[in-house]
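Summary of structural features
Listed below, chain by chain, are the residues.
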Amino acid sequence: MRPSRLAMRPYTCLQCLTRTRPVFPRPTQTPRIASLHNSSRFLQQQSSDSPAASRPSIAPKPVVDIKHIRQNPDLYAHNCIERNYHQQATYPQRINDLHAQWQAKQREARSLRERSNILRRQLTDPGSIRDENADAIAAGTQLLTRDELIAEARNLKSLLSTIEAEETRILSEIESLALSIPNLTSEESPRGPEPKLLSLINEHPEPVPSASDRVWRSHVHIGNELGLLDFASAGTTSGWGWYFLLDEAAQLEQALIAYALDLAVRSGWRQVSPPSIVYSHIASACGFQPRDQNGETQIYTLAQSADDAARGKPELSMAGTSEIPLAGMHASKMLLCPGDISEFSPLKYVAVSRCYRAEAGSRGLETKGLYRVHEFTKVELFGWTYPSLDSASDVFNEIVDLQTDLLSSLGLHCRVLEMPTHDLGASAARKIDIEAFFPSRRERNEGWGEVTSASICTDYQARRLATRLKGEDGKMIEGGYPFTVNGTAMAVPRVVAALLENGWDEETGTVVIPEVLRGWMGGKERVGPKPPTKKGLGVGV
């Protein structure tokens, strides 16, 4: 058989012809349109000025459902407006505009690559293209000299590089915008600013204030009187927003922790002792941003040296809740179904941890006492469920029932609220708060103050943490991403404050300890004044 002309002539690669890097990148190096339709997992090459560009290499690669946002821009825009995210309401349309730009760049780049391939063929085998079979792209290439072919190839390389950089920038902006859009809201959540009252816990201690002669005290006054709280010394050591719990108050903290853990573990929740310092990108994936919509600082970040920052060492933050490390336990992991999770068998964790909140902008609202502080102990419940609303709702209802049992047994009067869209954080699709009655807060919100919260986050956190769910066949199950549910079992300082105020007996100058806690406090029934030998601590406000 006669060899082809291409086989008869020595092969010279284009790299040698142009004396530079290959001019014609493989088409597969550019993200395909189909990938953009399905998800954002192709967004791995980011421009240096985008938020994703600063994401450390060890961080989970978020998989936002960009296709659903593009196909339902009005749904997402309306959802943002209902949740008071007015800036983000413009993002869905912006994503569609950017997608159209990206498609145009794809078409432009495809045309240039086809031209590049023609030039390659003409350089390596000049007789392979003839006038009679040449299309519009290939037309005229056989008339170019070798130097002209090489010059055009170099020019195409530069043009393609510019287009690819623009494609990467567009994709990066699309991902950044998609990540900023809050979760879709549950139908159960009231629209607007007002919550819906679901139920009450225990009787109101003062149903008719005008007819009552009961003397109420704030927990700050009671803590001063009984030598239980020391805010003045904490102000010296740490500043505003910190405190010392003394004697029975410190015991009460440990009793509340032990009681909440005991009830949760007996209810089937697996106990975990999590870290209090987390990567900032894990906190962000859970919906906790360094600053809120008003630019106020929300979480503490650890200072980095210039060398660490230059090396791209991941930033660390103080966890505002153990929800963050509990969610991060399964970041970038593939959970098994069945095995780790099934439709009727969720993963349920309970953890006690110190929590850190910057609470910037809050000073002046509750500047005294334990209600709003920078550091506190909290018992948190966190669940991973099968990706269905029914499975998530089962765990959600279990959390609310556990919260109700805890607060009811402590004798606190509370109200259970379905929270409105204006009060939902970015990750929550639905949220229920339980507020306790604080006598000292009667001039503000009729005495009510939040002590627990529970949220369904659907797949919002799992997608941003790249946590997947696969079946027995090794393939991702329908839905693909588990749902997350979280709730507070015990926010210690606020419950301590509520117990001091509601348990105060003016006649005896003592505080009644709830019966369920006495086993963890040596059987003590009341907290009374200290003997003179224990005076002298600076317990001022």
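Residues numbered from 1 in each chain as written. Predicted model: local features only at pLDDT ≥ 70, side-chain atom pairs only at ≥ 80, totals over all residues. Heavy atoms only, no water.

Remarks on the overall build of the chain
Test applied: Where helices and strands are cited, they refer to DSSP runs of H or I of at least four residues and of E of at least two residues respectively, numbered from the N terminus. Only protein chains enter the accessibility calculation, which uses a 1.4 Å probe; a residue whose area is less than 20% of its type maximum is buried, one above 50% is exposed, and one in between is partly exposed. Throughout, the Shrake-Rupley method with a 1.4 Å probe supplies accessible areas, and for residues the shown protein chains are the sole cover considered.
The helix and strand inventory of the chain stands at 16 helices and 17 strands. Out of the 541 residues belonging to the chain, those deemed buried represent 49%. Just so you have it, the chain exposes about 26200 Å², and 49% of that area is on carbon and sulfur atoms.

Comments concerning the pattern of salt bridges
We count it as follows: Throughout this description, the term salt bridge denotes a Lys or Arg side-chain nitrogen within 4 Å of a carboxyl oxygen of Asp or Glu.
Using the criterion set out here, one finds 20 salt bridges in the structure. Between Glu 248 and Lys 524 there is a salt bridge, and its shortest N-O distance comes to 2.9 Å. Of this pair, Glu 248 sits in helix α10 (residues 248-266) while Lys 524 sits in the loop between β16 (510-512) and β17 (526-527), and the two are 276 residues apart along the sequence. Glu 435 is paired through a salt bridge with Arg 415; the nearest N and O atoms lie 2.8 Å apart. Here Glu 435, found in strand β11 (residues 430-437), pairs with Arg 415, found in strand β10 (residues 414-418); they are 20 residues apart in sequence, far enough to count as distant. Accessibility assignment for this pair places Glu 435 and Arg 415 in one class, buried. Ionic contacts of the salt-bridge type, sharing partners, join the residues Arg 94, Glu 166, Arg 169 and Glu 173 into one network.

Some remarks on the packing of aromatic side chains
Rules: Aromatic pairs are defined between Phe, Tyr and Trp rings, using the six-membered ring for Trp, whenever the two ring centres lie within 6.5 Å; interplanar angles under 30 degrees are classed as stacked, those over 60 as edge-to-face, and all others as tilted.
Per the counting criterion, the structure on display carries four aromatic pairs. Measuring from ring centre to ring centre gives 5.6 Å for Tyr 371 and Phe 438, while their planes differ by 90°; the resulting arrangement is edge-to-face. Remark: Phe 438 occurs in the loop between β11 and β12 (448-456) and Tyr 371 occurs in the loop between β8 (347-356) and β9 (375-385); sequence separation between them is 67 residues. Each ring, one from Phe 437 and one from Trp 448, has its centre 6.2 Å from the other, and the planes form 75°; the classification is edge-to-face.

Focus on empty space enclosed by the protein
Rules: The way it works is a 1 Å grid over only the protein atoms, where trapped points that fit a 1.4 Å probe form a cavity and open points with protein on both sides within 12 Å along at least five of seven lines form a pocket, and then any residue with an atom within 4 Å of a point lines it. Grid points are joined across faces, edges and corners, and a volume is the space filled by probe spheres set on the points. Residue classes follow a fixed rule: Ala, Val, Leu, Ile, Met, Phe, Trp, Tyr, Cys and Pro count as nonpolar, while Asp, Glu, Lys and Arg count as charged, and any other residue, Gly among them, counts as polar.
One pass over the full model with this rule turns up one cavity of 30 Å³ or more. In this structure, the largest cavity spans a volume of roughly 60 Å³. Listing elements by their share of the lining of the largest cavity, those giving two or more residues are α10, α16 (492-502) and β16. For the lining of the largest cavity, the per-class residue count stands at nine nonpolar, no polar and one charged.

A short note on unusual backbone geometry
At the junction of Cys 337 and Pro 338, the peptide bond is cis and its omega measures out at 0° in the coordinates. With respect to the helices, strands and loops of the structure, Pro 338 is situated in the loop between β7 (334-336) and β8. Even without glycine at this site, Asn 84 takes up a positive phi of about 70°. Turning to its location among the elements, Asn 84 is positioned in the loop between α5 (73-82) and α6 (91-124). Given a relative accessible area of 36%, Asn 84 falls into the partly exposed group. Unusually for a residue other than glycine, Asp 247 sits at a positive phi of about 50°. Looking at where Asp 247 falls in the secondary structure, it is placed in the loop between β3 (244-245) and α10.

A word on α16
In an α-helix, one turn spans 3.6 residues, which is why side chains three or four residues apart end up on the same side. Within α16, eleven of the eleven residues are buried, which leaves it mostly tucked inside the rest of the structure. Turning to α16, its buried residues are Val 492, Pro 493, Arg 494, Val 495, Val 496, Ala 497, Ala 498, Leu 499, Leu 500, Glu 501 and Asn 502.

Points about the layout of surface pockets
Its boundaries defined by the atoms lining it, the second largest pocket holds a volume of some 580 Å³. Lining the second largest pocket are 28 residues; nearest its centre among them are Tyr 76, Asn 183, Leu 184, Thr 458 and Asp 459. Per-class residue counts for the lining of the second largest pocket are 14 nonpolar, seven polar and seven charged.

So, the sheet that holds strand β15 (residues 504-505)
Just so we agree on the cut-off: Strand pairing requires that DSSP identify at least two bridges connecting the strands.
With antiparallel pairing, the three strands of this open sheet are ordered in space as β15-β16-β17. Of all the strands in the sheet, just β15 and β17 have a single pairing partner and so form its edges.

Describing the sheet that holds β9
We apply this condition: Orientation is described by axes fitted as lines to C-alpha atoms, over the contacting stretch for helices, and by angles from 0 to 180 degrees between their N-to-C directions.
The eight strands lie next to each other as β1-β10-β11-β12-β14-β9-β8-β4, forming an open sheet whose pairing is mixed. The open sheet terminates on both sides in strands that have one partner only, identified here as β1 (196-201) and β4 (270-272). Direction aside, the axes of adjacent strands within the sheet are offset by 25° on average. Sheet analysis places β10 next to β11, joined by five bridges and oriented antiparallel. If you follow Leu 417 over to β11, its bridge partner there is Asp 433.

Examining the environment of Arg 83
The criterion, for reference: Contact definition: two residues touch when any of their heavy atoms are within 4.5 Å. Any pair of nitrogen or oxygen atoms within 3.5 Å is treated as a polar contact; in protein, a donor-acceptor pairing is required on top of that, and neighbouring residues in sequence qualify only through side-chain atoms on both sides.
Within the element layout of this structure, Arg 83 appears in the loop between α5 and α6. A relative accessible area of 1% means that Arg 83 is categorised as buried. For Arg 83, the contacting residues outside a window of four places in its chain are Pro 182, Asn 183, Leu 184, Thr 185, Thr 421, His 422, Leu 424, Gly 425, Ala 426, Ala 428 and Ala 429. Here Gly 425 takes part through its backbone oxygen, which lies 2.4 Å from a polar atom of the side chain of Arg 83.

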